[in-house]
Amino acid sequence: MKNPNGYGGISKLPGNRRKPYRVRLTAGWQKHDNGKLLQKYHTLGYYTSRRAALIALADYNKRPYDLNQQQLTFSKLYEQWYDKHTARLSKSSRNSFAAAWKKCSDLFEQPISKIKKSHMQAVLDRNQHLSPSVQTRLKTIFRGIFRLALENDLISVDYSSYLEKTAAVSQTTRSIFTRSEIRQLWQNLDLALPLADGSRHHYTDICLVDTVLIMLYSGIRIGELLEIQIAHIDLKKQIIDLHGTKTKAARRILPLHKDILPLIAARMHGTYLIETPNGHKLTYDTYKKRFFELLMAKLKLQHKPHDCRHTFISGMDTCGVSAGSVILKRIVGHANADITESYTHKNIRQLLNAVNQLKY
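Per-chain numbering applies: the sequence of each chain, read as written, is numbered from 1 onward. Whole-chain, interface and lining totals are the exception, using all residues; otherwise, since this is a predicted model, local features are given only for residues with pLDDT of at least 70 and side-chain atom pairs are given and counted only at 80 or more. Side-chain measures were taken over the full set of non-hydrogen atoms in the model, leaving aside hydrogen atoms and water.

Asker: So what exactly am I meant to see when it comes to the overall build of the protein here?
Answerer: In terms of helices and strands, the protein carries 13 helices and six strands. Two residues form a contact once any of their heavy atoms are found within 4.5 Å. The long-range share in the protein, meaning contacts at least 24 apart out of those at least 6 apart in sequence, stands at 62%. Accessible areas in this description were obtained via Shrake-Rupley with a 1.4 Å probe; residue shielding takes into account the shown protein chains only. As displayed, the protein offers around 20600 Å² of accessible surface, 49% of which is attributable to carbon and sulfur atoms. Starting at the N terminus, helices and strands are each numbered in turn, a helix being any DSSP run of H or I of at least four residues and a strand any DSSP run of E of at least two.

Below is the structure:
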């Protein structure tokens, strides 16, 4: 039975092909030099059987779409997804998605209609040596792109829903700072290190040892510390109003231990609490790779920035403020703390009393 005009047609191509059945649709007419009209075609796809070709053609006619749109590349759809998805995220979160996206470089110029599960799974598999969070971000990107493609009728199957994370189980060990190591930091408070030696951003005599002590006495995450603006600090009340970079629980009031108040006060200039000598905010990578790791090597210590947070929580637990208590969860911004309850003056005093029990 002949298909209706404009419906499209199926033809079997010669030779030994894996997908010999081609589905074509009329794309218009072009006048030839001899005056005859020649039909132009769009190819919908190639299929292994006539039945599969018939189904694809029927699906197209049921919900027609712009075949040119089907050629949109993976990177073009990523740009649309990224702008919408990350609009309300912190800068560090946006950077983490951008870093994960770079690992998909071999898919950038591929049309979305050509990308299958195997292509995306290959990206996950070859990055399994990285942390599970990287794979989570990659899956989030893939799902977002395919959902966008489905909404615009560019594809009919969401292959991203079949992906499996393959990251190796990471046994991250945390090393707690000892009392002697913390005393060593106090003794080297004025130690200056070149922040970016050998790069085009070279700063000399930059002192950031105090920032390590601030983390040790507050439990603040490094990402949160680098986001603090001077306007959010109240030295009289001895608190910082954290707006949060990770979860809703991260948006909290941070009490300041009496021992680090002078360190905070000495930095009350500029826009951000932590800045370079030319007034720019530090990024996490710059802080970690071009200062913290250099400092640890200089003092012959073996720690990561997050060890400061674990040291604080451990120290508070030793002082009687247990890790599972609501008050400690409020201080460090863990979930399950009752963040809906307003911070009255009494609440702030309780936080200050608790944090000042910490003695290293």
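Now that the structure has been shown, we can carry on.
Asker: Looking at this structure, how should I read the nonpolar core?
Answerer: Within soluble globular proteins, side chains that are nonpolar tend to cluster in buried spots. Judged by nonpolar contacts, the single largest core of 50 residues is most densely connected at Val212, Tyr287 and Leu295. Broken down by element, the residue count for this core peaks at seven residues, all from helix H7 (residues 209-218). Not counting chain neighbours up to four residues away, the residues in contact with valine 212 comprise Phe177, Leu185, Tyr287, Phe291, Phe292, Leu295 and Cys308. Joining through side-chain atoms within 4.5 Å is the link that ties buried Ala, Val, Leu, Ile, Met, Phe, Trp, Tyr and Cys residues into a set, and such a set is a nonpolar core. Throughout this description, buried means an accessible area under 20% of the type-specific maximum (1.4 Å probe, protein chains only), exposed means over 50%, and partly exposed covers the range between. Of all hydrophobic cores here, the second largest spans 27 residues; its members include Trp81, Met120, Val134 and Leu138.

Asker: What exactly am I supposed to notice about the sheet that holds strand S5 (residues 239-242) here?
Answerer: Each strand in a sheet pairs with another by means of backbone hydrogen bonds, the pair being arranged parallel or else antiparallel. Pairing is antiparallel in the open sheet, where three strands are placed in the order S4-S5-S6. Two strands bound the open sheet, and with one partner strand each, they are strand S4 (233-234) and strand S6 (252-255). In terms of strand pairing, S5 meets S6 through four bridges, oriented antiparallel. Along S6, the bridge assignment pairs isoleucine 239 with proline 255. Strand pairing is assigned whenever DSSP identifies at least 2 bridges connecting the two strands.

Asker: Whenever I open this one, the packing of helix H6 (residues 179-187) against H7 confuses me. Can you help?
Answerer: In a pair of packed helices, the angle between the axes and the distance between the axes together describe the arrangement. Helix axes use the C-alpha atoms of the stretch in contact, all axes being lines fitted to C-alpha atoms, and the angles between their N-to-C directions lie in the range 0 to 180 degrees. H7 packs onto H6 with a crossing angle of 140 degrees between their chain directions and a minimal axis gap of 9 Å. The angle between H6 and H7 falls in the class oblique. Crossing of H6 against H7: the hand is left-handed. The residues of H7 that touch H6, namely those facing Ile182, Leu185 and Trp186, are Val209, Val212, Leu213, Leu216 and Tyr217. Among the residues making up the contact of H6 with H7, the classes are represented as eight nonpolar, no polar and no charged. Angle categories: roughly parallel below 35 degrees, roughly antiparallel above 145, roughly perpendicular from 65 to 115, and oblique for all the rest. The sense of a crossing depends on the near helix, which, turned anticlockwise from the far helix by less than a right angle, makes the crossing left-handed and, turned clockwise, makes it right-handed. Nonpolar residues are Ala, Val, Leu, Ile, Met, Phe, Trp, Tyr, Cys and Pro. Charged residues are Asp, Glu, Lys and Arg, and all others, Gly as well, are polar.

Asker: In this structure, what is going on with helix H4 (residues 117-126)? I would like to understand it.
Answerer: Inspection of H4 places Met120, Gln121, Val123 and Leu124 among the buried residues, and these make up the whole buried set. For H4, the angular spread of the buried residues around the axis is 150 degrees, confining them to a single face. Elements that come into contact with the buried residues of H4 comprise helix H2 (74-85) and helix H5 (132-151). What the arc measures is the spread of directions leading from the helix axis to the C-beta atoms.

Asker: In this structure, what is going on with the pattern of salt bridges? I would like to understand it.
Answerer: Each salt bridge in this description consists of a side-chain nitrogen of Lys or Arg and a carboxyl oxygen of Asp or Glu lying within 4 Å of one another. Evaluation of the coordinates by the stated rule reveals six salt bridges. Salt-bridge contacts for arginine 126 lead to aspartate 106; the nearest nitrogen and oxygen are separated by 2.9 Å. With arginine 126 in helix H4 and aspartate 106 in the loop between helix H3 (91-101) and H4, this pair connects stretches of sequence that are 20 residues apart. Relative accessible area serves as the criterion here: at 40%, arginine 126 is assigned to the partly exposed category. The partner of lysine 288 in a salt bridge is glutamate 293, with the nearest N and O atoms 2.8 Å apart. Salt bridges sharing partners connect three or more residues here, namely Arg221, Glu224 and Arg252.

Asker: Help me out: how do you make sense of the packing of H2 against H3 in this one?
Answerer: In contact at an axis separation of 12 Å, H2 and H3 are set at 170 degrees when each is read in the N-to-C sense. Relative to H3, the element H2 is oriented roughly antiparallel. Across from Phe74, Ser75, Tyr78, Trp81, Tyr82 and His85 in H2, the residues of H3 making contact are Arg94, Phe97, Ala98 and Trp101. Tallied by class, residues from the contact of H2 with H3 come to seven nonpolar, two polar and one charged.

Asker: What's the story with the environment of isoleucine 240 in this structure? I'm lost.
Answerer: You can see isoleucine 240 is positioned in strand S5. Along the sequence, isoleucine 240 and arginine 252 sit twelve residues apart, while their C-alpha atoms lie 8.5 Å from each other. Those residues in contact with isoleucine 240 that lie beyond four places of it in its chain are Ile228, His232, Ile233, Arg252, Ile253, Leu254 and Leu256.

Asker: Would you mind showing me how to read the packing of aromatic side chains here?
Answerer: The geometry of two aromatic rings is summed up by the distance between their centres and the angle between their planes. Between rings of Phe, Tyr and Trp, where Trp is taken as its six-membered ring, a pair exists when centres lie within 6.5 Å; planes separated by under 30 degrees are stacked, by over 60 edge-to-face, and by other angles tilted. Taken as a whole, this structure holds twelve aromatic pairs when the rule is applied. Ring centres of tyrosine 78 and tryptophan 101 lie 3.9 Å apart, and the angle between their planes is 5 degrees; this geometry places the pair in the stacked category. Here tryptophan 101 lies in helix H3 and tyrosine 78 lies in helix H2, a separation of 23 residues in the sequence. Like tyrosine 78, the residue tryptophan 101 is buried in the burial classification. With a centroid separation of 4.7 Å and an interplanar angle of 20 degrees, the aromatic rings of tryptophan 101 and phenylalanine 108 are classed as stacked. On the accessibility criterion, tryptophan 101 (9% relative accessible area) is buried. Taking the relative accessible area as the measure of exposure, phenylalanine 108 reaches 22% and is therefore partly exposed. Here a set of aromatic residues connected by ring pairs shows up, and it is made of Phe74, Tyr78, Trp81, Tyr82, Phe97, Trp101, Phe108, Phe142 and Phe146.

Everything listed here is a matter of coordinates, which is why it stays silent on function.
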